[in-house]
Amino acid sequence: MKNFTSYLLLTFLFAGVLCAQEKYPVQNDVITGLFSRLTESTNDPERQQINDSIKQFAREYAASETVFSFNYDARYLGQVTSPDSLVKIITWNLLLESGKNEFFCFLVKKETNTGNSISELTGEFSDKPLLSDTTYTISDWYGALYYDIHPLPDGKKNCWVVLGLDYGSSDISRKIVDVISFEDQKPVFGKKIFRDPEGLRYRHVFEYSSLGSMTLRFASDSTIVFDHLVPISADRGKTYLGPDFSYDSYTFSDGKWIFKLNVDARNKE
């Protein structure tokens, strides 16, 4: 009965259109409070229950008429909107005491005649390497926290380039450069346009030691700059990578992202 009452309260808070300005402080307190409870809880069933409430909040947020016009001030809720205001991505993750790391995503795309299309995705960290020679869909999404998005620079294709973070495990973290496109209003991840010395890839995946950090950012609409990774340690037969304070890049040219080694990150290259 208590759980049912809590659900009714949450549903009541989001009844109606979210654009009413006076509702915003209340909603912000709700999502902030949910994440505070999530981080403080040490009980997996309780954490999953709280996460269900966060999903309900995000679902209502994604469906609101004003989803593209504001972001909530919630530390653990990722919210990025493309510069062309056509795609918005809402993400967060749930790390359980069991060590399981789950990712949740609501991907909102403006449609010309039918309003917004909304895709709900769930992924989970895997020790298996993230593939760079295939596409992913809603059914097998790998899971990531996306923190930046830009339209493909040529402006000719219905595609967006995203930068993502996967905290992974206690040993490794991942950062990802990927492309999102849409087929029948459903997202497809990956496009064979990343050229490096090994050939063409559908995405670029960086794996590095979770004890360190890595820079991956847009330097401009057509340039992505990132730390050059080198071996820094070895343990249990696995080599761990970290930055060496030099930088590489991808530059968009003739419909492809072209890898460049050792660039000056102080300028657009």
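What counts and what doesn't
- Residues numbered from 1 in each chain as written.
- Predicted model: local features only at pLDDT ≥ 70, side-chain atom pairs only at ≥ 80, totals over all residues.
- Heavy atoms only, no water.
- Buried < 20%, exposed > 50% of the residue type's maximum accessible area, 1.4 Å probe, protein only.
- Helix = DSSP H or I, 4+ residues; strand = E, 2+ residues; numbered from the N terminus.
- Pairing = 2+ DSSP bridges.
- Contact = heavy atoms within 4.5 Å.
- Axes fitted to C-alpha atoms, helices over the stretch in contact; angles between N-to-C directions.
- Salt bridge = Lys/Arg side-chain N within 4 Å of Asp/Glu carboxyl O.

Engineer: Help me understand the pairing of strand S2 (residues 87–95) in this model?
Structural biologist: Within a regular strand, side chains alternate between the sheet's two faces. The buried fraction of S2 amounts to seven of the nine residues, a majority that puts the element mostly inside the structure. Inspection of the sheet shows strand S1 (residues 78–81) paired to S2 by four bridges, in the antiparallel sense. Residue pairing across strands places Gln79 opposite Ile90, the latter belonging to S2. The turn linking S1 back onto S2 is made up of five residues, and Ser85 within it adopts a positive phi angle of 60°. Pairing between S2 and strand S3 (residues 101–111): nine bridges, direction antiparallel. The residue of S3 that forms the bridge with Thr91 is Cys105.

Engineer: For this particular structure, what's the right way to read the environment of Leu130?
Structural biologist: Residue placement: Leu130 occurs in the loop between strand S4 (115–124) and strand S5 (145–151). A residue is classified by how much of its surface remains accessible, and Leu130, at 14% relative accessible area, is buried. For the pair formed by Leu130 and Gly143, sequence separation is 13 residues and the distance between their alpha carbons is 10.0 Å. Apart from the residues within four sequence positions on either side, Leu130 is in contact with Tyr136, Tyr142, Arg174, Ile176, Arg203 and Val205.

Engineer: For this particular structure, what's the right way to read the sheet that holds S4?
Structural biologist: In sheet architecture, strand pairing relies on hydrogen bonds along the backbone and comes in two forms, parallel and antiparallel. An order of S1-S2-S3-S4 is seen for the four strands of this open sheet, with the pairing classed as antiparallel. Pairing within the sheet leaves two strands with one partner each, and these edge strands are S1 and S4. Between one strand axis and the next, the sheet turns by 15° as a mean value, whatever way the strands run. Bridging between S3 and S4 involves ten bridges; their strand directions are antiparallel.

Engineer: Please clarify how the environment of Lys157 should be interpreted in this entry.
Structural biologist: Relative to the assigned elements, Lys157 resides in the loop between S5 and strand S6 (159–166). Taking the C-alpha atoms as reference points, Lys157 and Ser181, 24 residues apart in sequence, are found 8.6 Å from one another. Ignoring anything within four residues of it in the chain, the contact list for Lys157 reads Leu152 and Lys191.

Engineer: Any chance you could explain the pattern of salt bridges here in plain terms?
Structural biologist: When charged atoms on two side chains of opposite charge get close, those side chains can pair. Overall, the coordinates contain ten salt bridges when judged by the stated rule. Linking Glu120 and Arg59 is a salt bridge whose minimum nitrogen-to-oxygen distance equals 2.8 Å. Taken together, the residues Glu120 in strand S4 and Arg59 in helix H3 (residues 44–63) connect sequence positions 61 residues apart. Note on Glu120: relative accessible area 35%, which makes it partly exposed. According to the relative accessible area criterion, Arg59 is partly exposed, its value standing at 33%. Several salt bridges share partner residues, and in doing so they unite Lys100, Glu102 and Glu124 into one network.

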